[in-house]
Amino acid sequence: MKKLVALLLAMTMALSLAACNSNDANQSPDASAGSSETSSGEPTNSGSAAEITDPNSIADDMRSEDGTYQVAFVTDVGDLKDKSFNQGTYDGVKLYAANNGLSYKYYRPANNSEATDEDRYNAMRAAVEGGAEVVVCAGYLQEAALRRAAMEFSDVPFIFIDGNPLSDDEGNLLTNVAAISFQEEQAGYLAGYAAVMDGFTSLGFSGGGGGNNDACNRFGYGYLQGINAAAAELDITVDVNFSWLYGADFQASTDLQTMISGWYASGTEVVFACGGAMFNSISNAAATNSKYVIGVDVDQSGEGDFVITSAMKSLADAVQWALDHVYDETFTQIGGQATKLGAAEDAVGLPTTDEAWRFESYTVEQYEQLYQQLVDGTVVVDANFANQAGTQWTNLNLNMVE
């Protein structure tokens, strides 16, 4: 996915004239003084000759000399180190800040999985009052709070990951909000197709958000489409368990682990763990039953040999690209806009390193051929997950576990 930033830059340049005409009031603001709790860790050093590419080498907490923080991240539900959505997004914040000599801090809304819109707004306000020049917000649940914060702090640019453009009470676009989302259906398709082509015939999907998260819905619907396409190609029928149970808050739980263990015991071979910290329960079930997991959002192969692949989206790259628009004073090109990223931008896909590729018969070369078909439009994955309920699958038996 290394091409993403270059491709996004080219796309932005092509749209810059139209964007400048429609968005003319949002340049990167100066940092304002404010009070913020000082975090532990070492300050970021500017002027380092070597680019930092490993986010794990950068402290999650840092100490700012003046007690203010320039780049702020407001977490989604779940843990910061969820090895998924929160972590992947914050990796982009850390990498950009570390490579550009900026201070950074994450803000977790109060009450974690029970956070209210007020809790989320308070975290955003704390970030701005703590000196934030830009605030990165992760997850669709931030929408109401982010609308309020963006209206109140109109001079501060906000980056909304997995969100849509926002409007004020009069219906005017908030041009200080840049909305970035992904074509998760393509990543899900690639994962489901690869698993079936590798010989798995009994699969599962366990999703977060209780069926109300658009990103997870697209992952799941794309996954089914990929499974069905591969099964049709092989002229076989595949069994699929599919559920939103126990994942509404994206947390690990005993109930979730028990359900997935039951699936594995009944013959399910691999489960797509699509929901942040839910991965912990599903991976524990897989390890106990000697079965397999498909990770989500980031490459989760490092969690164990039971992870056969991950349906990824380039969270860290997208965040760095957006932050660069703030600091090179071209935010007007993306503020108030919807940026949708997919295979054409090299922004979704499966990990293909030797360490992460665990399929035995399905090859990287075959995967790359399919990926190119997504890029050129030969293969089109339906993103409208509302169609899932009415789809007549030709080569899979879908068992909705509710």
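Keep in mind that this is a model prediction, so the values were computed, not measured.

1. Details of the sheet that holds strand E10 (residues 307–313)
Stage number 1. On the basis of which strands lie adjacent, the open sheet formed by seven strands has the order E12-E10-E9-E8-E6-E7-E13 and mixed pairing. Lying at the two open borders of the sheet, with one neighbouring strand each, are strand E12 (348–349) and strand E13 (396–401).
Stage number 2. With six bridges connecting them, strand E7 (residues 238–243) and E13 associate as parallel partners. Directly across from Asp-239, in E13, lies its bridge partner Asn-397.

2. Re the packing of aromatic side chains
Stage number 1. Under the definition given, this model contains 20 aromatic pairs.
Stage number 2. Geometrically, the ring pair formed by Phe-205 and Trp-244 is edge-to-face, given 5.4 Å between the ring centres and 80 degrees between the ring planes. With Phe-205 in strand E6 (residues 202–207) and Trp-244 in the loop between E7 and helix H7 (254–265), this residue pair connects regions lying 39 residues apart in the sequence.
Stage number 3. These aromatic residues form a ring-pair network of at least three members: Tyr-189, Tyr-193, Trp-357, Phe-359, Tyr-362, Tyr-367 and Tyr-371.

3. Overview of the nonpolar core
Looking at soluble globular proteins, one finds that nonpolar side chains tend to be buried together.
Stage number 1. Core analysis: the largest hydrophobic core is formed by 105 residues, its most contacted members being Val-135 and Phe-158.
Stage number 2. Considering every element that reaches this core, the biggest residue donor is helix H5 (residues 184–197), with nine residues.
Stage number 3. Every residue in contact with Phe-158, bar those within four places of it in the chain, is listed here: Val-128, Val-135, Cys-137, Leu-146, Ala-149, Ala-150, Phe-153, Asn-176, Val-177, Ala-178 and Phe-331.
Stage number 4. One finds Leu-256, Val-293, Val-307 and Val-401 within the second-largest nonpolar core, a separate group that totals 16 residues.

4. Concerning the sheet that holds strand E5 (residues 177–182)
Stage number 1. Read across the sheet, six strands follow the order E2-E1-E3-E4-E5-E11 without closing on themselves; strand pairing throughout is parallel. Looking at the sheet topology across the chains shown, the edges are occupied by strand E2 (104–107) and strand E11 (338–341). If you compare each strand with its neighbour and ignore which way they point, the axes differ by 20 degrees on average.
Stage number 2. Pairing of strand E3 (residues 134–138) with strand E4 (residues 158–161) involves four bridges; the strand directions are parallel. Across the sheet, the residue bridging to Val-135 is Phe-158, located in E4.

5. Remarks on the packing of helix H2 (residues 85–99) against helix H9 (residues 315–327)
Stage number 1. Their axes nearest at 8 Å, the elements H2 and H9 cross at an angle of 40 degrees. With respect to their mutual orientation, H2 and H9 come out oblique. You can see that H2 and H9 cross each other, and the crossing is right-handed. Two secondary-structure elements touch here, H2 through Phe-85, Gly-88, Thr-89, Asp-91, Gly-92, Val-93, Leu-95 and Tyr-96 and H9 through Leu-315, Ala-316, Val-319, Gln-320, Leu-323, Asp-324 and Tyr-327.
Stage number 2. Broken down by class, the residue content of the contact of H2 with H9 amounts to nine nonpolar, four polar and two charged.

6. Here's the deal with the packing of H5 against helix H10 (residues 364–376)
When two helices pack together, their arrangement is given by the angle between the helix axes and the distance between those axes.
Stage number 1. Where H5 contacts H10, the axes come no closer than 11 Å and their chain directions differ by 150 degrees. By the angle between their directions, the pair H5 and H10 is classed as roughly antiparallel. Crossing handedness for the pair H5 and H10: right-handed. Of the residues in H10, those touching H5 at Gln-186, Tyr-189, Leu-190 and Tyr-193 are Tyr-367, Leu-370, Tyr-371 and Leu-374.

Reading guide: rules and limits
- Residues numbered from 1 in each chain as written.
- Predicted model: local features only at pLDDT ≥ 70, side-chain atom pairs only at ≥ 80, totals over all residues.
- Heavy atoms only, no water.
- Pairing = 2+ DSSP bridges.
- Helix = DSSP H or I, 4+ residues; strand = E, 2+ residues; numbered from the N terminus.
- Phe/Tyr/Trp six-rings, centres within 6.5 Å; stacked < 30°, edge-to-face > 60°.
- Core = buried A, V, L, I, M, F, W, Y, C linked by side-chain atoms within 4.5 Å.
- Buried < 20%, exposed > 50% of the residue type's maximum accessible area, 1.4 Å probe, protein only.
- Contact = heavy atoms within 4.5 Å.
- Axes fitted to C-alpha atoms, helices over the stretch in contact; angles between N-to-C directions.
- Parallel < 35°, antiparallel > 145°, perpendicular 65-115°, else oblique.
- Left-handed = near helix turned anticlockwise from the far one by under 90°.
- Nonpolar A, V, L, I, M, F, W, Y, C, P; charged D, E, K, R; others polar.

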